[in-house]
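Residue-level structural notes
Here are the chains, one letter per residue:
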Amino acid sequence: MSSPKCESDAKGWRILIAGTGGQGALTAARVLCGVFVRRGHDVVSGQLHGMAQRGGSVQSSVLIDTGISPVIGAGQADCVLGFEPVETARALSLMSKNTTVYMNTCAVVPFVVGQQLALTRAGAGYPAVKDLIDCLKKVAQRVFSFDAMQRAFDAGSPKALNMVMLGCLLGSEALPCTADEFWTTTLKTMPSKLKQINTAAFFAGVEWAREVGNAAVEASGS
Amino acid sequence: MREEATFVSAAPTHEILQDSPGTRLCLLGNVAIARGALEAGVQFFSCYPGTPSSEVGDTFARIAEEAGVKFEYSVNEKIAVEVAFAACLTGARSMCSMKHLGLNYANDPISTMPYVGVEGGMVIVSAGDPSAITSPNEQDQRHFCKFLYYPVFDPGTPDDALRTTRYAFAFSEQTRLPVIIRPTTRVCHSSGMVTLGKLPGGRNEIHFDKDPSRYVPIPINARRMRKELTERFELASTLLRESDFYPRRGEGRHGIMASGVSYAYASQILDDLGLWDQVTLQQIGAYPIPESILRDFLGAVDSVLLVEELTPYMEDWVAEAASRAAQQVPLFGKRTGHFPMEFEYSPDLVEDAVRQYLGMTSRSSLSVDVPELPELPPRPPVLCPGCPHRAAYYLVRKVFGKNTTYCNDIGCYTLGYGEPLNVCDVLLCMGASITQASGIARMTGKRTVACLGDSTFFHSGLPALANALQARDDVTVIILDNFITAMTGFQPSLTSNRGDRGSAGRHGPSVSGISKMRFSIEGVVRGLGVQDIYSVDPYDEAAMTEALKQAKSAEGVNVLVCHSPCMVNERRLGHHQERVPLRINVDKCNGCSLCVRLLGCPGILVSGGHYMIDDELCVGCGLCANVCKHDAVEPIAVEKI
Ligand code: SF4
Ligand code: SF4
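Described in the following lines is the structure provided in the data block. (Residues numbered from 1 in each chain as written. Chains lettered and ligands numbered in written order. Predicted model: local features only at pLDDT ≥ 70, side-chain atom pairs only at ≥ 80, totals over all residues. Heavy atoms only, no water.)

Considering the overall build of chain B
Definition in use: Helix and strand definitions follow DSSP, with helices as H or I runs of at least four residues and strands as E runs of at least two, each counted in order from the N terminus. Radius of gyration here uses only the C-alpha atoms, and the compact-globule reference equals 2.2 Å multiplied by the residue count raised to the power 0.38. Residue exposure (1.4 Å probe, protein chains only): buried if accessible area is under 20% of the type maximum, exposed if over 50%, otherwise partly exposed. We call two residues contacting when some pair of their heavy atoms lies within 4.5 Å. Each accessible area is a Shrake-Rupley estimate made with a 1.4 Å probe; only the visible protein chains count as cover when residues are assessed. Positive charges come from Lys and Arg, negative ones from Asp and Glu, while His and the chain ends are left out of the count. Here the site of a charge means NZ on Lys, CZ on Arg, CG on Asp, or CD on Glu.
The number of helices and strands found in chain B is 23 helices and 25 strands. Rg of the C-alpha trace for chain B: 27 Å, near the compact-globule value of 26 Å for 641 residues, within the 12% margin. Its C-alpha atoms give chain B principal-axis dimensions of about 80 × 70 × 60 Å. When each of the 641 residues of chain B is scored for burial, the buried share is 58%. Sequence separation of at least 24 residues holds for 78% of the intrachain contacts in chain B that already meet a minimum separation of 6. Carbon and sulfur atoms make up 53% of the accessible area of chain B, which totals about 25,600 Å². The distance from the centre of the 59 positive side-chain charges to the centre of the 73 negative ones in chain B is 4 Å.

Regarding the site of ligand 1
As a reminder of what qualifies: The cutoff for a nearby residue is simple: one of its non-hydrogen atoms must lie within 4 Å of the molecule or strand.
In the vicinity of ligand 1 lie eleven residues, with Cys384(B), Cys387(B), Cys412(B), Asn482(B) and Cys566(B) positioned nearest. With respect to ligand 1, the chains having nearby residues are chains A and B.

Digging into the interface of chain B and chain A
Put simply, the rule is: Here the buried area means the combined drop in accessible surface, using a 1.4 Å probe, for two parts upon being joined, counting both sides. What makes a salt bridge here is a side-chain nitrogen of Lys or Arg within 4 Å of a carboxyl oxygen of Asp or Glu, nothing more. Distance and chemistry together define a polar contact, namely a pair of N or O atoms within 3.5 Å, with one atom able to donate a hydrogen and the other to accept it when in protein, and with adjacent residues in sequence counting only for side-chain atoms on both sides. Three residue categories are used. Nonpolar comprises Ala, Val, Leu, Ile, Met, Phe, Trp, Tyr, Cys and Pro, charged comprises Asp, Glu, Lys and Arg, and polar comprises the others, including Gly.
Counting residues at the interface gives 51 residues for chain B and 54 residues for chain A. Interface of chain B and chain A: buried area, both sides summed, is about 4,300 Å²; carbon and sulfur atoms make up 65% of it. Three residues, Gln268(B), Pro377(B) and Arg379(B), lead the burial of chain B against chain A; their summed loss comes to 17% of the area buried on that side. Along the contact surface separating chain B from chain A lie four salt bridges. Note that Asp272(B) and Arg14(A) form a salt bridge whose closest N and O atoms lie 3.2 Å from each other. One can count eleven residue pairs in polar contact (both at pLDDT 80 or more) joining chain B with chain A. Broken down by element, the residue count for the side of chain B that touches chain A peaks at six residues, all from helix H11 (residues 261-273) of chain B. Split by residue class, the side of chain B that touches chain A holds 29 nonpolar, ten polar and twelve charged.

Things to note about the state of the cysteines
All names here are of chain A. Our working rule: For the purposes of this analysis, a disulfide is any pair of cysteine sulfur atoms at a distance within 2.5 Å.
One pass over the full model with this rule turns up zero disulfides over all chains. Of the cysteine sulfurs around Cys135, a residue in no disulfide, the closest is that of Cys79, at 19 Å. Judged by relative accessible area, which is 4%, Cys135 ranks as buried.

A closer look at the nonpolar core
Spelled out, the test is: What we call a nonpolar core is a set of buried Ala, Val, Leu, Ile, Met, Phe, Trp, Tyr and Cys residues that are connected through their side-chain atoms within 4.5 Å. The start and end points of each domain follow an automatic or database-based domain assignment.
With 92 residues, the main nonpolar core has Leu38(B), Phe60(B), Met95(B), Met122(B) and Ile124(B) as its most contacted residues. Of the residues forming this core, the biggest block, seven residues, is contributed by helix H3 (residues 77-89) of chain B. Counting the residues that make up this core, at least three belong to each of domain 1 (2-241) and domain 2 (248-364) of chain B. The contacts of Met122(B), once residues within four sequence positions are left out, are Val81(B), Ala84(B), Phe85(B), Cys88(B), Ser94(B), Cys96(B), Met113(B), Ser172(B), Pro178(B) and Val179(B). Membership of the second largest hydrophobic core comes to 48 residues, among which are Ala28(A), Val43(A), Leu166(A) and Val212(A).

Looking at unusual backbone geometry
Residues and elements named next belong to chain B. A cis geometry characterises the amide bond from Thr51 onward to Pro52, with omega recorded as 5°. Relative to the elements of secondary structure, Pro52 occurs in the loop between strand S3 (44-47) and helix H2 (54-67). Between Tyr287 and the following residue, Pro288, the backbone shows a cis peptide bond with an omega angle of 5°. Phi angles above zero are rare outside glycine, and Tyr149 is one such case at about 65°. Tracing the backbone through its elements, the reader meets Tyr149 in the loop between helix H6 (143-148) and strand S7 (152-153).

Overview of the sheet that holds strand S13 (residues 279-284) of chain B
All names here are of chain B. Worth spelling out the cut-off: Any two strands with at least two DSSP-identified bridges between them are counted as paired. Fitted lines through C-alpha atoms serve as axes, helices being fitted only where they are in contact, and the angles separating the N-to-C directions of these axes extend from 0 to 180 degrees.
Reading across from one edge, S11-S13-S12-S15-S16 is the order of the five strands in this open sheet, with mixed pairing throughout. Where the open sheet ends on each side, the last strands, each with one partner, are strand S11 (248-249) and strand S16 (331-332). Here five bridges tie strand S12 (residues 254-259) to strand S15 (residues 303-307), and the two strands are oriented parallel to one another. Counterpart to Ala258 in the pairing with S15 is Val307. Packing of helix H14 (residues 347-358) onto the sheet brings it into contact with S12, S13, S15 and S16, and relative to S15 it is tilted by some 170°.

Okay, here's the thing in structure tokens:
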């Protein structure tokens, strides 16, 4: 299979999920943990988020068969699922050239940005997404960005964003679990309406990751 | 005496209730603690929620009935500890949990409990918050070991947490010492693999045998107890020596000693870098550290790197023990600048220190150049859209103005700090809004305002209010009653409507199976003797403004109770009414920015000079419509398609 792989210097897989509160990043991490624990892997997962309010930065790590530390060190992430551009950029220090990044380009502009500018107080504003991608590309070789939010909408709900992103991860075939297996163990048993939306969102992600993966392989001439 | 009782339920509703020894699960550290307590046959549990400890109590709230555990969300930590201690005097294995600061609040009973001693095992979980991520300070509860004779366990992983808790109860009974488990945020809020043990077939028998000389620490008894305490503490050390909380790995001459989550980091780094032939890693999972373990370790290595967060507690312990035993081993840690004195460690920080210690190339010389990122906008915590505290604060500020001193308290309402609400000039700890308002009003001769929530009011605001009353301070106390303890994850408070389970917090009633009562703050305040009491809905601008004006011009203590439910909790309970969708009419909005300047609601977006309402975030509370002088905020006419 000639798809991009999340390669790990050591054993196991280190996945970072970055987003903002309310985007479903924590749920995505939990689902991922559940799947791999059921498959018999050792999973460790850490969360970093501030206070209970929605809209803050959220980082969740899922480490599969790596050991006991719940925290991903500098440059150690095999894969970053960026639910939001600025939050993806915040995880830059965890990336290396071996990191595969899947990033949703749809921004969640912190309300303070708009409000601060309105009051002509200091504040940098929301950076251009393109500039962020350029920075990420200087560190990680495989940075794939797309409007994942649109896919979630197409699938039936913006809440399905996390499924699109998980679709990317499983579609990349970097993990020892196929997209179909993931679907069978998590989505198949959901109530029908939810199942339909989540399934559509998930496979939209899977398909997209396969496409860009193959394109990347061709481009590199292999 | 173990009383036989069926404890294992046939079809458990929570994964930690299953009796399947050997099963491996991936559990959150706090949930692993709950499981450990179940495996030890815990019979009583109390807590006051506080990040990062809350999930221990929330887990018990869910499973207590099924597991046959008496449970309560206590009114404060001191009460939680006292009730749990009394429960253990009847022979029950009892537990209570709180955050690091809660331990300080409970310090009065805590300081004498080791003298009296336990009957059934008693375990206090006090979760630490290095880097003060969700607290006003970071503190190191390990000092309670030497300070007040508490064995303190310091788990590094969820699995450690489970095994520690399971062990701690019997250990507490043997030594008759209550014990503290001190997990930190990274242990509490990380999930990791644990191996389940057996659930017990029985529980301790419950009986209270009168024996005043045993239970009453009046001086004559206290002095006897003090002597016993020394012996019991020595016994603790002896028992710990035989425990498995001091694993040692590797065979190198470079010693590393680590405690808490730092152990997980250190062990992972040695794995990843393959350094086990150079290093011997000693975990310190509990204090007091048995002397023989230290002597052994110091004899097996040429030097030691000490890896621990917060204070050089372990480091100083080792230094002291080494000098007593005349063991000349160089020690490296916080005192030598190998580690910072403050804040939590990261794996990177630990790796740097390990590399330095072993004379390896530094990580920074290996890493690639990180490109300069554009400035990333922050996402500071703010009051939620539609939070009733915002409505209250806006009017409080409007009436009391910018020259009044606002004393705030611990909870979501602390977010009244800074622009644009600016109702937090001083803050200290739970309940201190009222006392600080007293002190400042009495000295400046100017009326001050204290703001605190329902849960905090009952926690420690009540005696503070009595105190303000007896001094007749010119203080206006604003109690923001949102019927829930919101900040820590929606635990019921005394004003939650627990009669109807559906409207309680998501964790069910606060005292298992008993309390259906909803407390009246006004009733309590009136009972204390406050004359001026105003019950208001913060969204009722006219009534609220009138009450505030009266309170401002009156003398002495007056109390405004603002009742309005936490929007987020209403949503999660499915109680919120269908909202009226609002929009900002661009033709009427002249960009005066008043709504933003006064409210700072995240539901209002500003882009390219245009003001808009974010349909996703806005809950339709209508506050911005009240503020807008141009009537620009209006309902969207919903057209039928
Ligand atoms: S959680 Fe509730 S009380 Fe806290 S800020 Fe949000 S709406 Fe307000
Ligand atoms: S109505 Fe206005 S103040 Fe209330 S939540 Fe919506 S945007 Fe915020």
